[in-house]
Amino acid sequence: VIITGATGTGKEMVARKIHSLSQRCEQMFVPVDCTTLTGQLFESQLFGHVKGAFTGAFSDTLGFFKAADGGTIFFDEISELPLDLQARFLRVLQEKRVAPLGSTKALPVDVRVLCATNRDLRKMVRSGKFRADLYYRLNVVNLEISPLRDRKEDIVILAEYFLAKQARLYDRPAKRLTPSAIKILTDYNWPGNVRELAN
């Protein structure tokens, strides 16, 4: 599944909901931020490594794919995945096996793959910045999340959800929105989308 939409629209919330409603809901949901990791570090985090695979590899690590085995792995900002790692990623998806860095043994892995991006992957494919074969492999289901300003009916529902969440966090009674507060919230344009509303 590829989930698209502007920054802050709640793509990860949608991904978590897909996971929670799936038959994998009792297993791990592993989020991966593709903007923070590159090169060998990303490969190690994604695929794991064996002791001695590189300087500082003092023990074996599972990697994100093995950690999510039986559950869901969520790639946030998949568009930022470097081209050289896209081929390895595609191979894991096709073979359903992952080889940790420093090992010749590939391990079976069973994960649901969810991805999110605020960029147009089709344009990136046309410009050679994203592999076409990986795009078509990932793009089985495409969910587009509209900006919050285009779904005003969600604003009060989301605001009440966040208020209740804060109340539980601080062990307080839930606050209620007054009619004037509702009008202010629904009249606002929400350039930061759901993230801005939550904050």
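Use the structure listed above.
Treat the numbers as computed from the prediction; the structure is a model and nothing was measured.

1. Comments concerning the overall build of the chain
In step 1: In terms of regular secondary structure, the chain is built from nine helices and seven strands.
In step 2: Considered along the principal axes of its C-alpha atoms, the chain spans approximately 65 × 45 × 35 Å.
In step 3: Counting the 199 residues in the chain, one finds 39% classified as buried.
In step 4: Within the chain, contacts between residues separated by at least 24 positions form 69% of all contacts whose residues are at least 6 apart in sequence.
In step 5: Total accessible area on the chain is roughly 11,600 Å²; 52% of this is exposed by carbon and sulfur atoms.
In step 6: Each charge class in the chain was averaged separately, 29 positive and 22 negative side chains, and the resulting centres sit 1 Å apart.

2. Describing the sheet that holds strand β7 (residues 142–145)
In step 1: Judged by pairing direction, the sheet is parallel, and its five strands sit side by side in the order β2-β3-β6-β1-β7 without closing on themselves. Looking along the sheet, the strands with just one partner apiece sit at the ends: β2 (29–33) and β7. Here the strands of the sheet are splayed against their neighbours by 20° on average, with no regard to which way each runs.
In step 2: For β2 and strand β3 (residues 72–76), the ladder comprises five bridges, and the chain directions are parallel. Residue pairing across strands places Asp33 opposite Asp76, the latter belonging to β3.

3. Looking at the environment of Glu77
In step 1: For Glu77, the location among the structural elements is in the loop between β3 and α4 (83–95).
In step 2: Judged by its relative accessible area of 13%, Glu77 is buried.
In step 3: Sequence-wise, Glu77 and Pro191 are 114 residues apart; in three dimensions their C-alpha atoms are separated by 19 Å.
In step 4: Here Asn118 takes part through its backbone nitrogen, which lies 3.5 Å from a polar atom of the side chain of Glu77.

Each value, and the rule that gives it
Every chain is numbered on its own, with residues counted from 1 as its sequence reads. Owing to the predicted nature of the model, reporting of local features is limited to residues with pLDDT of at least 70; listing and counting of side-chain atom pairs is limited to 80 or more, with chain, interface and lining totals taken over all residues. Hydrogens and water molecules were not included; the side-chain quantities draw on all heavy atoms of the structure. Helix numbers and strand numbers start at the N terminus; a helix is a DSSP run of H or I with at least 4 residues, a strand a run of E with at least 2. Each residue is placed in one exposure class: buried if its accessible area under a 1.4 Å probe, protein chains only, is under 20% of its type's maximum, exposed if it is over 50%, and partly exposed if it falls in between. Between two residues, a contact is recorded if the distance between any of their heavy atoms is within 4.5 Å. Residue-level accessible areas treat just the shown protein chains as cover; the underlying method is Shrake-Rupley with a 1.4 Å probe. Positive residues here are Lys and Arg, negative ones are Asp and Glu, while His and the chain termini are left out of the count. All charge positions are set by atom: Lys at NZ, Arg at CZ, Asp at CG, Glu at CD. By the convention used here, strands pair only if DSSP detects at least 2 bridges between them. Whenever a helix is involved, its axis is fitted only over the stretch in contact; in every case the axis is a line through C-alpha atoms, and angles between N-to-C directions fall within 0 to 180 degrees. Definition of a polar contact: a pair of N or O atoms within 3.5 Å, with one able to donate and the other able to accept a hydrogen when the atoms are protein atoms, and with sequence-neighbouring residues admitted only if both atoms are side-chain atoms.

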